[in-house]
Amino acid sequence: MANQLLSGKKGIIFGALDERSIAWKVALRAVEEGAEIVLSNAPVALRMGTIKELAAQCNNAPVIGADATSIPDLENLFNQATEHFGGKIDFVLHSIGMSPNVRKGFAYDGTNYDNFLKTLDISALSFHKVMQTAKKLDALNEWASVLALSYIAAQRTFPGYNDMGDAKALLESIARSFGYSYGFAKKVRVNTISQSPVPTTAGSGVAGFDGFYGYAEKMSPLGNASAADCANYCITLFSDLTRMVTMQNLFHDGGFSFTGVSEGVVERFNQ
Ligand code: NAI
C-alpha cells in the first residue's frame, strides 16, 4: 500500500545483492512511496548480483558501483548521484555487512586480525566514511535521514555471529556520534535499525543461522520481522513523520530484545 510518504525525496540505497536482500525490498518500497533512488553496491557484487533487474523495477534507477570502504569511490558516488538528481539527497540506507572471519571459518577466539580489521572496515567504518564523505561534499539536504542496519549481537553475545557483533556495536556507536555532529551541523538525522534475523546471503552465512532464526521466532511475541517489514520501517524513518528521531538504535524484532524467555521456549525444556 503506497501513501506517497517519500514523494519528491531522493535517496541512495547501498547493499541490494539479490531479491532476498533487505536493501532490495527497501528500494522497491521507497520507489512505491514516490522516491527517486540511486542504487549502489561493491563493484564485485554488481558483477555477481542481479541489481540491474532491481534498477529496471525502480524506474531505471542508476546503478553506481562503490566499495563502501573507499573514499574515492564514495566521492564519485555522491557526486554522480547529486548530478543525476540535480540536487541534494534526502535519505541514505547503509545495508552493508561482511566478515571474512565468518566466511573463512575463523572462530572468535582464534581470529585472524587482518580479517577482523576488514570486518570492522566493511561493516562499521564504512558507515562513518559514507557520512563523512556526504558531509564534506555537502550532499545531503537538511532533515535528511541516514540509516544503517544492525543486529542485537551488538548488545548480547550470539555464538557464530563472531566479530560481526563487535562491528555492530561500533556501527551503533558511530550512529550516535555522527548523529550528534551531523544534527548540529546540518539537521541530518542518523539511526540504526536492529532487525530480526532474515535468511539473506549475509544472514545465512552465520554459523547456526537456522537454529537461531527458529529460536528468535519462538521467543518473539510477534514472531520474526521479515525483510518486507523492515523495508516498511525504513520508509517511516526516511519520511518526515519521524523527523525528530536521531542517534537511536531502534529494535525492529517482534519484541525479541525485551523478552526474557517465552513459554514456547520453556516448553522445550520441560519435555
Ligand atoms: P545481503 O548479503 O543481501 O547484503 C549485504 C550487502 O553488503 C551485499 O549487497 C554486499 O554486496 C554488500 N557489501 C559487502 N561488502 C561491501 C563493500 N565493501 N562495499 C559495499 N557493499 C558491500 O544481506 P542482508 O541481510 O540484506 O544485509 C544487509 C544488512 O542487514 C547488513 O548490515 C546486515 O548485517 C544487516 N542485518 C541482517 C540481518 C539478517 O539476519 N540478514 C539481521 C540484522 C541486520
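Residues numbered from 1 in each chain as written. Predicted model: local features only at pLDDT ≥ 70, side-chain atom pairs only at ≥ 80, totals over all residues. Heavy atoms only, no water.

- By the naming in an unreviewed UniProt entry, the chain goes by Enoyl-[acyl-carrier-protein] reductase [NADH] and is assigned to Taibaiella chishuiensis.
- A UniProt comment under Pathway (unreviewed entry) is attached to the chain, and it reads "Lipid metabolism; fatty acid biosynthesis."
- Of the comments in the UniProt record for the chain, the one headed Catalytic activity (unreviewed entry) reads "a 2,3-saturated acyl-[ACP] + NAD(+) = a (2E)-enoyl-[ACP] + NADH + H(+)". (UniProt positions renumbered as here; feature names shortened; annotations may be inferred.)

1. Topic: the layout of surface pockets
Remark: the empty space left among the atoms is shown by a probe the size of a water molecule rolled over them.
Stage number 1. A volume near 1,200 Å³ is recorded for the largest pocket.
Stage number 2. What lines the largest pocket is a set of 45 residues, and nearest its centre among them are Ser95, Ile96, Gly97, Met98 and Ala202.
Stage number 3. In terms of residue class, the lining of the largest pocket is made up of 24 nonpolar, 15 polar and six charged. (1 Å grid on protein atoms, 1.4 Å probe; cavity = no way out; pocket = protein on both sides within 12 Å on 5 of 7 lines; lining within 4 Å. Points joined across faces, edges and corners; volume = space filled by probe spheres on them. Nonpolar A, V, L, I, M, F, W, Y, C, P; charged D, E, K, R; others polar.)

2. A look at the pairing of strand 5 (residues 140–150)
Stage number 1. Most of strand 5 is tucked away, with eight of its eleven residues classed as buried.
Stage number 2. The sheet contact formed by strand 4 (residues 89–94) and strand 5 spans five bridges and is parallel. If you follow Phe91 over to strand 5, its bridge partner there is Ser145.
Stage number 3. Bridging between strand 5 and strand 6 (residues 189–195) involves six bridges; their strand directions are parallel. By the bridge assignment, Leu147 is partnered in strand 6 with Asn191.
Stage number 4. Each parallel crossover has a hand, and the one from strand 5 via helix 7 (residues 164–186) to strand 6 is right-handed. (Buried < 20%, exposed > 50% of the residue type's maximum accessible area, 1.4 Å probe, protein only. Helix = DSSP H or I, 4+ residues; strand = E, 2+ residues; numbered from the N terminus. Pairing = 2+ DSSP bridges. Right-handed = clockwise from strand over helix to strand, strands pointing away.)

3. So, the packing of helix 4 (residues 71–85) against helix 6 (residues 113–136)
Stage number 1. For the pair helix 4 and helix 6, the least separation of the axes is 10 Å and the interaxial angle reads 50°. It follows from the interaxial angle that helix 4 and helix 6 lie oblique. For helix 4 against helix 6, the interelement crossing comes out right-handed. Facing helix 4, whose interface residues are Ile71, Leu74, Glu75 and Phe78, helix 6 presents Lys129, Val130, Thr133, Ala134 and Lys136.
Stage number 2. Classifying every residue of the contact of helix 4 with helix 6 gives five nonpolar, one polar and three charged. (Axes fitted to C-alpha atoms, helices over the stretch in contact; angles between N-to-C directions. Parallel < 35°, antiparallel > 145°, perpendicular 65-115°, else oblique. Left-handed = near helix turned anticlockwise from the far one by under 90°. Contact = heavy atoms within 4.5 Å.)

4. Observations regarding the packing of aromatic side chains
Stage number 1. With the rule as written, the count across this model stands at 13 aromatic pairs.
Stage number 2. Ring centres 4.4 Å apart and planes at 25° place the aromatic pair Phe91 and Phe238 in the stacked group. Placement of Phe91 in strand 4 and of Phe238 in helix 10 (residues 227–238) is noted, with a sequence separation of 147 residues between them. The burial state of Phe91 is the same as that of Phe238; both residues are buried.
Stage number 3. Cluster of aromatic residues (ring-pair linked, three or more members): Tyr151, Phe158, Tyr161, Phe209, Phe212, Tyr213, Tyr215 and Phe256.
Stage number 4. Here the guanidinium or amino end of Arg243 rests over the ring plane of Trp143, the centre of that ring lying 4.1 Å away. (Phe/Tyr/Trp six-rings, centres within 6.5 Å; stacked < 30°, edge-to-face > 60°. Lys NZ or Arg CZ within 6 Å of the ring centre and 35° of its normal.)

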